[in-house]
Each structure stands twice: as C-alpha cells, then as structure tokens.
Amino acid sequence: MIAENLQTIRSRIDAAAKRAGRSPNDITLLAVSKLQPAQLIRDAYAAGQRDFGENYAQELRDKAAELADLKDLRWHAIGPLQTNKAKYVAKAAYAFHALDRLDVAEELSKKRTQLLRCFVEVNVAGEASKSGIEPDALPDFLAKIRKLPNLEAVGLMSLPPLSEDPRPYFRKLKKLAEAEGLKELSMGTTADFEAAIEEGATIVRVGTAIFGERQKR
Ligand SMILES: *Cc1c(COP(=O)(O)O)cnc(C)c1O
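The shown structure was predicted, so the numbers you read here are calculated from the model rather than taken from an experiment. (Residues numbered from 1 in each chain as written. Predicted model: local features only at pLDDT ≥ 70, side-chain atom pairs only at ≥ 80, totals over all residues. Heavy atoms only, no water.)

For the rest of this paragraph, the subject is the overall build of the chain. Helix and strand counts for the chain come out as 9 helices and 8 strands. For a compact globule of 217 residues, the expected C-alpha radius of gyration is about 17 Å, and the chain comes in at 16 Å, within 12% of that figure. Each of the 217 residues in the chain was classed as buried or not, and the buried ones make up 50%. The contacts of the chain with a sequence gap of at least 6 include a subset with a gap of at least 24, amounting to 56%. Of the roughly 10500 Å² of accessible surface on the chain, a fraction of 48% belongs to carbon and sulfur atoms. Side-chain charges in the chain split into 34 positive and 31 negative, and the spacing between the mean points of these groups amounts to 3 Å. (Helix = DSSP H or I, 4+ residues; strand = E, 2+ residues; numbered from the N terminus. Rg over C-alpha atoms; globule rule 2.2 N^0.38 Å. Buried < 20%, exposed > 50% of the residue type's maximum accessible area, 1.4 Å probe, protein only. Contact = heavy atoms within 4.5 Å. Areas by Shrake-Rupley, 256 points an atom, 1.4 Å probe, with all protein chains shown as cover. Lys, Arg positive; Asp, Glu negative; His and termini not counted. Charge placed at Lys NZ, Arg CZ, Asp CG, Glu CD.)

This is the structure:
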C-alpha cells in the first residue's frame, strides 16, 4: 500500500512540475513519518523513498536508532525545537526545516560535527499563534545564522493557515527566498503540495497521503 501511495504522489508531483514548466528532478518528496511506526518507514524505504520527516526530537532519536541499518536514509527534522532537545537533531538529522530561534541555532551549531542544512521557518501570514520568523525580521536573523559554524541556511519553510488559499503565501515565501539568495523552498503538504510545486517548492512535506492517518500522540 505504501509503495502504491508513493507512486501516486510521485506521479502527481511530476504532473504538477510539468504544468509549471519545471523538472520533477528539482523537487524532493519528503515523507512525513511522525507518529507512524518504524515498519512503515522500512516499507517506504524498500519502495525507494529516502527522505523522511519527523516532528518530535525524541521520536527522531529513537527511530534513527531503530533504523540505523538503512544507511542512506536522510532524516529531516521539521517540527519546533527546544534547546534542550537540539542535541538529538544535531546527531541524527540531515536537515532542519523549522529554524526560527537563535538560541536553538547556536545549540545546533555547538552540538553538530558536520554541516546541517537549515530552512528558516517564516510566519508568512503573520498569525499570532504560529511559530516562524516575521518576514521583516528575516534579513537580520539570516545574517546571524550565517555566522554560525556547521549550519548552512539553504532555504525557507512555511506552513500557511489551513483555512485559506495557500498560494499567496507560497508566492510570498518564494519572493522572500529570492531576495535573500536562498534556493530551497520547503512548502506544501498532503493538502496543497501540487499548488506548492506550481509556486516553486523544491521540497514538499507529505505525510497522510503516503502513510495514512497518524496515531494519536
Ligand atoms: C505533519 C506535517 C506535515 C505533513 O502533513 P500531512 O497533512 O500529513 O501531509 C508537513 N509539514 C509539517 C511541518 C508537519 O508538521
């Protein structure tokens, strides 16, 4: 079932890329496996999937240990992170998609021994309750991140409000990334990954459409 789901998503990615005149090779499918059993990750890996996204630092730590035999699997930490758990991400992750705090960045930089690809999370809709850097604060924040060893700011990430058309927010994120010379855009989920690709996403984060409903936390 996972293999079929992956194939369906990949062909939808290809079609969206073609519509936008883009190469499907420029788009990475990140399989969001948070709150899903390790066996489903093995199934997806067996079907050729290599990039997996986890939200919770301890769950990432545990799954990375349990699946350590899958050598070329890449873990992406995509959830909000606190300094006291940054060590787990520093140890296991290939990329971090939710960078919006300088203290967390400093902790990651300290604990990391090789380059960590980072996406700065932007609060594109200015929602009071949302994590992410305000667009106005982005240049300053990036300047500080770029001074830290072992971190590379590669792009921007956002999770627009679920209740609205995401396209204006995807466009805004793309403009912000271009203004900062950042090439990568982590945007789009099960609900809107095709629109995200049409608006320039280089990495889409899809969970439910691959693995089905998640367990409760
Ligand atoms: C859970 C999650 C996703 C995946 O959501 P689906 O609706 O299951 O595709 C993507 N991005 C982030 C930041 C998430 O927390």
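Text resumes after the structure shown.
Let us look at helix α3 (residues 57–66). Among the residues of α3, A57, E59, L60, K63 and A64 are the ones counted as buried. Down the axis of α3, the smallest arc covering the buried residues is 155°, so these residues share one side. Opposite the buried face of α3, at more than 90 degrees from it, the exposed residues are A65 and E66. The elements touched by buried residues of α3 are α2 (38–46), β2 (51–54), β3 (74–77) and α4 (86–92). (Arc of directions from axis to C-beta.)

Core analysis: the largest hydrophobic core is formed by 65 residues, its most contacted members being F96, L108 and L156. If near-sequence neighbours (up to four positions away) are discounted, F96 is found in contact with A77, G79, L81, V89, V104, L108, L116, R117, C118 and F119. The next biggest cluster of nonpolar side chains, apart from the first, holds 8 residues, and it includes V32, I78, F119 and V154. (Core = buried A, V, L, I, M, F, W, Y, C linked by side-chain atoms within 4.5 Å.)

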